[in-house]
Amino acid sequence: MLFIRRVIVVNQKWPTSPSSLRRAITTLLRSTQLDNHNPEQEVDDDPEPEPEPETQLPTSAHYDVLVNEAGRSGNFARVRYLLTKRIHDGCFNSNDTFKFITGTPSHLSQLDSLFDTIASLPKGFIRKCASDSFVARLCKLRLTDDALKVLDKMRERGGMELNACSFHPLLNALTKQKEMGKAWDVIVVYMKEAGVLPDTTAYNYLLTGYCCRGDVRSAADVLTKMREEGLRGDKRTYDAMVLGACRAGKMDGAMAIMRAAAEEEDRVPALLYSTHAHVITALLKMGCYEQAVKFVLCYAGKDTGLDSHNFGLLATHFIKLEKFAHAKLLLDEIKARGNLRMDAKLIEQLNSYQLHL
């Protein structure tokens, strides 16, 4: 009887034909659910339909979660499946793909199994992406010996898509750890045995490592090796050379390198912002405040982004050093140009320093 009463409520009257009865019952079933515990509950005559679950496209982050779950459980068959499917779905590997490798003994004992899994992936781009991400993860954990073993196994197996980029994470890690001898061995021994020619980026890691220490002589040896192999420097090469000159206190040399880079403007379009920062920071450490201002003004007017960076960096240092006169000079230049994207708080601090003059 309750069901019949609800049919009448929904349809306003008792249906007179089988088709209208069928429609009324269908409408009732779609609009409400009978509550056995509360039969007197009112019926919503015009309920809103429940939204259907959205089908979301897979993302790299989503696949990273799945790969890490499978990796932590030791399910390498699923890891293999996911590493293949993610590329088919356009979701490339990331720095978090092999995050389940943490450097603990239990995980390190599984490296051989994981390598075999990667080696069994389809040849080409899929296997190349996975192996490079695997090596990069080991290098991030400073497990450079294990990374070198993996690269060595890839060389022994043959056809594992090794190229110069495969060795970049290892060279980066070794030079940051100041293991320059091992880094040289990677280039002159391991890469040669793998039939891989070092590129400019590979030598840039060595060059930067030496220049960070102010070892100009060793840096010069790297440049000589590059010339012997017919490689030409890029803007990161010039950045490392300027850094080395600044660390060695040879500011004339740093400026000469920047002028040389300017002469190759057709091949090296623009130096990195960090290259200018090396010079500014070195001049300020030497107490050459006027020269720092002149340096910034010398390169001003060519690139608004570079001007914003250089003026902002110099202003920040003047604030820390409480160089009020230099801060006022810099503020006048910033206001005169008018098109620099400067931090409002920084400008406010510079304005306040005029009160001290």
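Residues numbered from 1 in each chain as written. Predicted model: local features only at pLDDT ≥ 70, side-chain atom pairs only at ≥ 80, totals over all residues. Heavy atoms only, no water.

## A short note on the overall build of the protein chain
Counting its regular elements, the protein chain contains 19 helices and 0 strands. Burial status across the protein chain gives 40% buried among its 357 residues. Considering only residue pairs separated by 6 or more positions, the protein chain has 60% of its internal contacts joining residues 24 or more positions apart. (Helix = DSSP H or I, 4+ residues; strand = E, 2+ residues; numbered from the N terminus. Buried < 20%, exposed > 50% of the residue type's maximum accessible area, 1.4 Å probe, protein only. Contact = heavy atoms within 4.5 Å.)

## Some remarks on the packing of helix α16 (residues 289-298) against helix α18 (residues 324-337)
Where α16 contacts α18, the axes come no closer than 11 Å and their chain directions differ by 10 degrees. Our classification of the angle between α16 and α18 gives roughly parallel. In this structure, α16 uses Tyr289, Glu290, Val293 and Leu297 to contact α18, whose residues at the interface are His326, Leu329, Glu333 and Arg337. For the contact of α16 with α18, the class distribution of residues is 4 nonpolar, 1 polar and 3 charged. (Axes fitted to C-alpha atoms, helices over the stretch in contact; angles between N-to-C directions. Parallel < 35°, antiparallel > 145°, perpendicular 65-115°, else oblique. Nonpolar A, V, L, I, M, F, W, Y, C, P; charged D, E, K, R; others polar.)

## Thoughts on helix α12 (residues 216-228)
If you check α12, its first and last C-alpha atoms are 18 Å apart, about what 13 residues at 1.5 Å a residue would give, namely 18 Å. Taken as a whole, α12 has its buried residues at Ser218, Ala219, Val222, Leu223 and Met226. Summarising the axial view, the buried residues of α12 lie within an arc of 150 degrees, below the 170-degree limit, and thus occupy one face. Within α12, the exposed residues directed more than 90 degrees away from the buried face are Arg217, Arg227 and Glu228. Elements in contact with the buried residues of α12: α10 (180-193), α11 (200-212) and α13 (235-247). Directly beyond the C-terminal end of α12, a positive phi value near 75 degrees is found at Gly230. (Expected span 1.5 Å × (residues − 1). Arc of directions from axis to C-beta.)

## Remarks on the pattern of salt bridges
Under the counting rule described, the total for this entry stands at 11 salt bridges. Residue Lys182 pairs with Asp145 through a salt bridge whose shortest N-O separation is 3.4 Å. Taken as a pair, Lys182 in helix α10 and Asp145 in helix α8 (residues 144-157) lie far apart in primary sequence, 37 residues in all. Residue class for Lys182 comes out partly exposed when judged on its relative accessible area of 38%. In this structure, a network of salt bridges that share partners links the residues Asp145, Glu179 and Lys182. (Salt bridge = Lys/Arg side-chain N within 4 Å of Asp/Glu carboxyl O.)

## Digging into the side chain of His168
Topologically, His168 is positioned in helix α9 (residues 164-176). A polar contact is formed between the side chain of His168 and the side chain of Asp199, at a distance of 3.0 Å. Not counting residues within four places of it along the chain, the set of residues in contact with His168 comprises Asp199, Thr201, Ala202 and Tyr205. (Polar contact = N/O pair within 3.5 Å; in protein donor to acceptor, adjacent residues only side chain to side chain.)

## As for the nonpolar core
If you look at the biggest cluster of nonpolar residues, it comprises 56 residues, and the most contacted ones within it are Leu114 and Phe134. Dropping the residues within four chain positions of it, Phe134 is found in contact with Phe98, Ile101, Leu111, Leu114, Phe115, Ile118 and Val150. Residues Leu283, Leu284, Ala300 and Phe311 belong to the second largest nonpolar core, which totals 30 residues. (Core = buried A, V, L, I, M, F, W, Y, C linked by side-chain atoms within 4.5 Å.)

## As for the environment of Ile257
In this structure, Ile257 sits in helix α14 (residues 251-263). Here the alpha-carbon distance between Ile257 and Ala245, two residues 12 residues apart in the chain, equals 8.9 Å. For Ile257, the residues in contact, after removing those within four places along its chain, are Tyr238, Met241, Val242 and Ala245.

## Some remarks on the confidence of the model for the protein chain
When pLDDT is averaged along the protein chain, the result is 81, and 77% of the positions lie at 70 or above. Long-range and interchain partners of residues 28-54, a stretch whose pLDDT sits below 50, account for 17 contacts in this model, where long-range means more than four residues apart. (pLDDT = per-residue confidence, 0-100.)

## Brief notes about the environment of Leu57
On the secondary structure map, Leu57 appears in the loop between α2 (18-31) and α3 (60-72). Taking the relative accessible area as the measure of exposure, Leu57 reaches 75% and is therefore exposed. For the pair Leu57 and Asp89, spaced 32 residues apart in sequence, the C-alpha separation works out to 8.8 Å.

## Here's the deal with the environment of Val135
Turning to its location among the elements, Val135 is positioned in helix α7 (residues 125-140). On the basis of relative accessibility, which here comes to 1%, the residue Val135 falls in the buried class. Separated by 31 residues in sequence, Val135 and Ser166 place their C-alpha atoms 7.7 Å apart. Leave out the neighbours within four places in its chain, and Val135 touches Ala147, Val150, Leu151 and Ser166.

## A look at the packing of α13 against helix α15 (residues 273-285)
When two helices pack together, their arrangement is given by the angle between their axes and by how far apart the axes lie. Interhelical geometry of α13 versus α15 gives an angle of 5 degrees and a closest axis separation of 9 Å. The orientation of α13 relative to α15 falls into the category roughly parallel. Counting all contacts with α13, which are made through Asp239, Val242, Leu243 and Cys246, the residues of α15 involved are Ser274, Thr275, His278, Val279 and Ala282. A per-class count over the contact of α13 with α15 returns 5 nonpolar, 3 polar and 1 charged.

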